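Given next are the chains, with one letter for each unit.
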Amino acid sequence: MSKPKIAVYKLASCSGCQLQLVNLEPELLDLVGEVEIAYFPMASRKTVPGPYDICFIEGSITREEEVEVVKKAREDCRVLVAMGACGTAGGPQGLKNWARVEDFKERVYQRPDWIRTGEKSLSPGEKVKIDLYLPGCPVSRDQLKEVIVAALLGRKPYLGDWPVCVQCKMNNNVCLLVASKTPCLGPVTRTGCGALCPTWGRGCYGCFGPCEDANVASMGRILRDLGLSPEEIVRRFRHVTSGAEAFREGAKLYEGQQD
Amino acid sequence: MSRHAANPLKPEPAVIKAIRQETYDTTTYTMGFREGERANRFSFEPGQFNMLTLWGIGEAAISLSSLPGGNGTFDHTVRSVGDVTNALRRLKVGDTVWARGPYGTPWPLKEARGRDLLIIAGGIGLAPLRGVIQAVTSRRSDFGKAELLYGARTPADLLYTTEFDDWRRGGLSLTLTVDAVPEGARWEHNVGVVTTVMDRATVRPGGGVVMVCGPEIMMKFVVKELLARGFRPGEIFVSLERRMECGVRVCGRCQFDGRFVCRDGPVLPYSDIKGRVGTML
Amino acid sequence: MDGLGERATALERRVMPEEGLDQLVRALARRGPVYGPVRQDGATVYGEVEGAQDLDLRCTPFTYSPKALLHRPRQVLFRAERAEGFVPREPEEDGRMSIIGVRPCDMSAIAALDQVFSQEYPDPYYQRRRQNALLAAVNCVEMAEHCFCTSMGTGPGLAAGFDLLLTRLEHGWLVEAGTEEGCAVLKEVESRTATDRDLQEKEELIRKAAAGAKKQLQTEGLPGLMRDRFEDPVWKERREECLGCANCTSVCPTCFCYDAYDVVNVKGDKVERTRCWTGCPVVDFARVHGGNFRSDRGERFKQFAYHKLCYWKDQFDRLGCVGCGRCMTWCPAKIDIAETAQSFRRGGEAR
């Protein structure tokens, strides 16, 4: 039996999620024994034509031609996994969906005239059917591995879409939100990161996107009580997963409000 | 606290001895434990369940769908809807499954002895009742009337169709119904949900025991109809299905109203559920 | 348990000087790792301690319980490898350990967990940790803001179940030994026999602490009332604030629910069946194929409250809440189960 083929596509992104695949060392060699890395321009010049069994797509669509890449990926792949904050909820470049792209170009680049980008940042899921969303900025290596292993075993991956808080307590972390009044999106953010930021004393900034049934209204009130201005709350909900429905809703509650 | 040598969460190897495809998505596996006393004799009662493990895939609660076989075998009829049940489909005769059990409460076969028996099943809900039917048809004179009302989505979803004639010969009266008949399919029985054939049952309140198993929403309507016909809550038995991680009243997942489906159920008299919360019934 | 600890059953009662505490920790450390309340990030959590200087035995609201030491947040149940025909192996047993600084409410919670994990099919993972644990409890001589142990009959004093029981006196520590092992540890520490005055002082301190309770929950007949008025909207109304984050169940010293899954290596030949904490506030908790029995957040909070204050009574003839106040302390939305239950009672009277 031939080995399952894996492909990795890239759209507008920082490549940090792809890098996590390379970072799977020390199990990378084992992985190569189980699957064929058929298309992964970042890691290998070798390109094996499709169809592919598992395809990871990193990044968001910011230009028209990227829609074609996404459609091609969908056609070529049996299981299409959108990864990262960009692939699942717009990524940092999704911020332009709530602003004028020209303003960003002016402020970020020395030569804005060299930049060719569309008005919006769309997740691949807005154009084609995605079989699995693997969030995170970047995605977690363990979860990435679990997705591949689960696909090889023919089962659903065990990812856990409960709030970061569950993981945080398992780590015996002191709750930052309660004990040190540090703004933290843990209660409304999906776990997968191993509660990385809170474990190091930083409030969760929501990079895995909202957990199921996230209560953004209550979260917003809590952040407000901690002294955050409406504008700061909007910024927190938008951050790198501004396209996620629950966070969009959270931002909307405070958008345009005066302090 | 007592020191317990045995680990209740530890499964034991069981070998698949036969596989029978029931429908496009449902399969019956006949298994037997590979080692120890239970290899030749595994006792359980219809209505109980095992926890089945496929290493790397996970563990799932699956009802036993037969009487204990003479040589220690037991059946599981499985619909492929989850990880474990899907992975089971890829196994062949001779492969190993890991199992622990039996757990839970059985159907009240002893109470039904000498009395009428009405079985109402929907879809895969017939699986945990198959052992009851085997018991009744093999010891027919122990029971009064024996009637089965069985409903499925389409004719292609009916389980155990090859056993129906044996069951009839064994003295079970069968009434079949399907929700819908796809174009071109042959069907000479009733069309409609299972409650539409309830008037065909001749078992009357006070005379016997009713056993109901199927999707919870179906059981809800069946129970409602039974109560309307005068059956008492204590005469109606249902089997609940919940998520379970342990099967031994610890993990908390199957809890409803302070009860645990894995231990206080899955088979419960409706009188124990009535007025309680956490079920649709 | 009367919560006042007056009738503490002890084999031996002695008084150590201030420095005795350090000797005690070191005596315990000779038997295995010692865990106790330590300061971390503005709160008190259980961590490994080497001497008295590491310990913080004050009763403050921002504390964690010792639950995680007995019911592990993550526990490998079995390891199974293809090379061994997937015959499951249990992980190696941990050795002897001591837990010092366990509060009376937490002792009551451990007694509750003992019941949960030693039913018809005792759970070997919990049992091993539990049997390996020497428990050095400490009586509370002050009440924190959210404490309502006096309502639940679980504190501020402890009556039984301890290996050692400490009470901070004005001069030194009263140490009571409840087991032979406790007595043996006590022998390794500089101390004198306790006098009637010492015991009177302890009783007085505990009585004073109890009198300082700021929070009450009237438990009499509560399970029955909750059953009778199941549809009372007060519980589900919490859905507006409840985040579903499961901080309450995680910090609750009696919450025991778990999830189980297989961790597999890339080659697919090594499996670790693992269980981890989960809780009823999480959406996934009651999900089955094709549906969810508690898809509403308010329903899920209600399950938490009902389990603690109503259902537990049916199963174990006691309540599942010990009045430690942690669920409300650590709830980012400040949902207060005791206050909610009290308003439920008042609502009933009003009608």
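Residues numbered from 1 in each chain as written. Chains lettered and ligands numbered in written order. Predicted model: local features only at pLDDT ≥ 70, side-chain atom pairs only at ≥ 80, totals over all residues. Heavy atoms only, no water.

Draft legend 1. Molecular detail of the overall build of chain C. If you tally the helices and strands in chain C, you get 12 helices and 13 strands. The C-alpha atoms of chain C give a radius of gyration of 22 Å, which matches the 20 Å a tight globule of 351 residues would have. Overall, the C-alpha framework of chain C stretches about 70 × 65 × 40 Å when taken along its three principal axes. Counting every position in chain C, which comprises 351 residues, the buried fraction comes to 64%. Residue pairs in contact within chain C that sit at least 24 positions apart in sequence constitute 75% of those at least 6 positions apart. By element, 48% of the accessible surface of chain C is carried by carbon and sulfur atoms, the whole surface being about 13300 Å². Of the charged side chains in chain C, 50 are positive and 54 negative; the average position of the first set lies 3 Å away from that of the second. (Helix = DSSP H or I, 4+ residues; strand = E, 2+ residues; numbered from the N terminus. Rg over C-alpha atoms; globule rule 2.2 N^0.38 Å. Buried < 20%, exposed > 50% of the residue type's maximum accessible area, 1.4 Å probe, protein only. Contact = heavy atoms within 4.5 Å. Areas by Shrake-Rupley, 256 points an atom, 1.4 Å probe, with all protein chains shown as cover. Lys, Arg positive; Asp, Glu negative; His and termini not counted. Charge placed at Lys NZ, Arg CZ, Asp CG, Glu CD.)

Draft legend 2. Molecular detail of the side chain of C:R103. Residues and elements named next belong to chain C. Structurally, the position occupied by R103 is in the loop between β5 (97–102) and α3 (104–116). For R103, which is buried and forms no salt bridge, the nearest opposite charge comes from E142, at a distance of 5.9 Å. Once residues lying within four places of it in the same chain are set aside, the contact partners of R103 are L57, R58, C59, V138, N139 and C140. (Salt bridge = Lys/Arg side-chain N within 4 Å of Asp/Glu carboxyl O.)

Draft legend 3. A look at the pattern of salt bridges. Throughout the structure, instances matching the rule amount to 81 salt bridges over all chains. Residue B:D166 pairs with B:R169 through a salt bridge whose shortest N-O separation is 2.5 Å. Placement of the pair is B:D166 and B:R169 together in helix α4 (residues 164–169), with a separation of three residues, close to one helical turn. The partly exposed category is assigned to B:D166, whose relative accessible area is 45%. We note a salt bridge from B:D257 to C:R227, for which the minimum N-O separation is 2.8 Å.

Draft legend 4. Structural view of the interface of chain B and chain C. Every contact between the two is made by 41 residues of chain B and, on the other side, 47 residues of chain C. For the pairing of chain B and chain C, the buried interface totals around 3900 Å² over both sides, and the portion due to carbon and sulfur atoms is 55%. The tally of links between chain B and chain C comes to eight salt bridges. In this structure, B:R263 and C:E120 form a salt bridge, with 2.5 Å as the shortest nitrogen-oxygen distance. Run the count over chain B and chain C and you get 19 residue pairs in polar contact (both at pLDDT 80 or more). Secondary-structure elements contributing two or more residues to the side of chain B that touches chain C are β3 (49–54), β4 (58–63) and β6 (96–103) of chain B. A per-element tally of the side of chain B that touches chain C places β6(B) first, with three residues. When the residues that make up the side of chain B that touches chain C are grouped by side-chain class, the tally is 17 nonpolar, 10 polar and 14 charged. (Buried area = accessible area lost by both parts, 1.4 Å probe. Polar contact = N/O pair within 3.5 Å; in protein donor to acceptor, adjacent residues only side chain to side chain. Nonpolar A, V, L, I, M, F, W, Y, C, P; charged D, E, K, R; others polar.)

Draft legend 5. Up close: the domain arrangement of chain B. Residue and element names in this part refer to chain B. If you check the domain split of chain B, you get domain 1 (12–103) and domain 2 (109–273). Computed from C-alpha atoms alone, the centre-to-centre distance between domain 1 and domain 2 is 21 Å. The interface is formed by 25 residues belonging to domain 1 together with 26 residues belonging to domain 2. Taking both partners together, domain 1 and domain 2 bury about 1900 Å²; carbon and sulfur atoms supply 54% of that area. Where domain 1 packs against domain 2, one counts three salt bridges. Our count for the domain 1 to domain 2 interface comes out at 10 residue pairs in polar contact (both at pLDDT 80 or more). (Domains from an automatic or database assignment.)

Draft legend 6. A look at helix α7 (residues 196–211) of chain C. Residues and elements named next belong to chain C. Look at α7: 22 Å from first C-alpha to last across 16 residues, which is about the 22 Å you get at 1.5 Å a residue. Every buried residue of α7 is listed here: D198, K202, I206, A209 and A210. Buried residues of α7, viewed axially, fall in a sector of 115°; they line one side. Facing away from the buried surface of α7 by more than 90 degrees, the exposed residues are D196, R197, Q200, K208 and A211. Elements that come into contact with the buried residues of α7 comprise β1 (12–16), α5 (149–152), β7 (164–168), β8 (173–177) and β9 (192–193). (Expected span 1.5 Å × (residues − 1). Arc of directions from axis to C-beta.)

Draft legend 7. Just the layout of surface pockets, in detail. The space that makes up the second largest pocket amounts to roughly 870 Å³. Lining the second largest pocket we find 38 residues, and of these A:S140, A:D142, A:Q143, A:G192 and A:G194 sit closest to its centre. If you list the elements that add at least two residues to the lining of the second largest pocket, you get α6 (141–153), α7 (164–170) and α9 (196–199) of chain A together with β10 (258–264) and β11 (270–277) of chain C. Across the lining of the second largest pocket, the residue classes break down as 20 nonpolar, 10 polar and eight charged. Each of domain 1 (5–153) and domain 2 (164–252) of chain A accounts for three or more of the residues forming the lining of the second largest pocket. (1 Å grid on protein atoms, 1.4 Å probe; cavity = no way out; pocket = protein on both sides within 12 Å on 5 of 7 lines; lining within 4 Å. Points joined across faces, edges and corners; volume = space filled by probe spheres on them.)

Draft legend 8. The packing of aromatic side chains, seen in detail. Residue and element names in this part refer to chain C. Per the counting criterion, the structure on display carries 27 aromatic pairs over all chains. With a centroid separation of 5.2 Å and an interplanar angle of 40°, the aromatic rings of F62 and W330 are classed as tilted. Taken together, the residues span a long stretch of sequence, with F62 in the loop between β3 (43–48) and α2 (67–70) and W330 in the loop between α11 (326–329) and α12 (337–350) at a distance of 268 residues. Look at F62 and you get partly exposed, because its relative accessible area is 25%. On the accessibility criterion, W330 (0% relative accessible area) is buried. In textbook terms, an aromatic cluster arises when at least three aromatic residues are bridged by ring pairs, as seen for F117, Y126, F256, W312 and F316. Positioned above the aromatic ring of F230 is the side chain of K302, whose terminal nitrogen or guanidinium carbon lies 3.5 Å from the ring centre. (Phe/Tyr/Trp six-rings, centres within 6.5 Å; stacked < 30°, edge-to-face > 60°. Lys NZ or Arg CZ within 6 Å of the ring centre and 35° of its normal.)

Draft legend 9. Structural context of a nonpolar patch on the surface. Together, A:F104, A:V108 and A:Y109 make up an exposed nonpolar region whose accessible area comes to about 280 Å². Take A:F104: it is sitting in helix α5 (residues 101–108). (Patch = residues over 30% accessible without salt bridge, like charges linked within 9 Å, V, L, I, M, F, W, Y side chains within 5 Å.)

Draft legend 10. Local environment of the packing of helix α10 (residues 216–225) of chain A against helix α12 (residues 245–254) of chain A. Residue and element names in this part refer to chain A. The contact between α10 and α12 brings their axes to 9 Å, and the two run at 50°. Taken together, the axis directions place α10 and α12 in an arrangement best described as oblique. The chirality of how α10 crosses α12 is right-handed. Contacts from V216, A217, G220, R221 and R224 in α10 reach A246, F247, E249, G250, L253 and Y254 in α12. Residue composition of the contact of α10 with α12, by class: six nonpolar, two polar and three charged. (Axes fitted to C-alpha atoms, helices over the stretch in contact; angles between N-to-C directions. Parallel < 35°, antiparallel > 145°, perpendicular 65-115°, else oblique. Left-handed = near helix turned anticlockwise from the far one by under 90°.)

Draft legend 11. Region of interest: the nonpolar core. With 187 residues, the main nonpolar core has B:I120, B:V212, B:L226, C:L21, C:I100 and C:W235 as its most contacted residues. Counting residues per element, this core draws most heavily on helix α10 (residues 297–316) of chain C, which supplies nine residues. (Core = buried A, V, L, I, M, F, W, Y, C linked by side-chain atoms within 4.5 Å.)

Draft legend 12. Region of interest: the pairing of strand β6 (residues 133–138) of chain C. Residues and elements named next belong to chain C. The buried fraction of β6 is high, at six of six residues. Bridge count for β5 against β6 is five bridges, and the pairing is parallel. Looking across to β6, one finds that M97 is bridged to A133. (Pairing = 2+ DSSP bridges.)

Draft legend 13. Fine view of empty space enclosed by the protein. All names here are of chain C. One pass over the structure, following the stated rule, counts 10 cavities of 30 Å³ or more. Empty space within the largest cavity amounts to approximately 170 Å³. Along the wall of the largest cavity there are 21 residues; nearest its centre are C59, R103, C105, C147 and C324. Elements represented by at least two residues in the lining of the largest cavity include exactly α3 and α11. Here the residues of the lining of the largest cavity are counted per class, giving 11 nonpolar, seven polar and three charged. Approximately 140 Å³ is the volume found for the second largest cavity. Residue lining of the second largest cavity: 15 residues in total, with C242, C248, F301, C331 and I335 positioned closest to the centre. Elements supplying a minimum of two residues to the lining of the second largest cavity: α9 (247–251) and α10.

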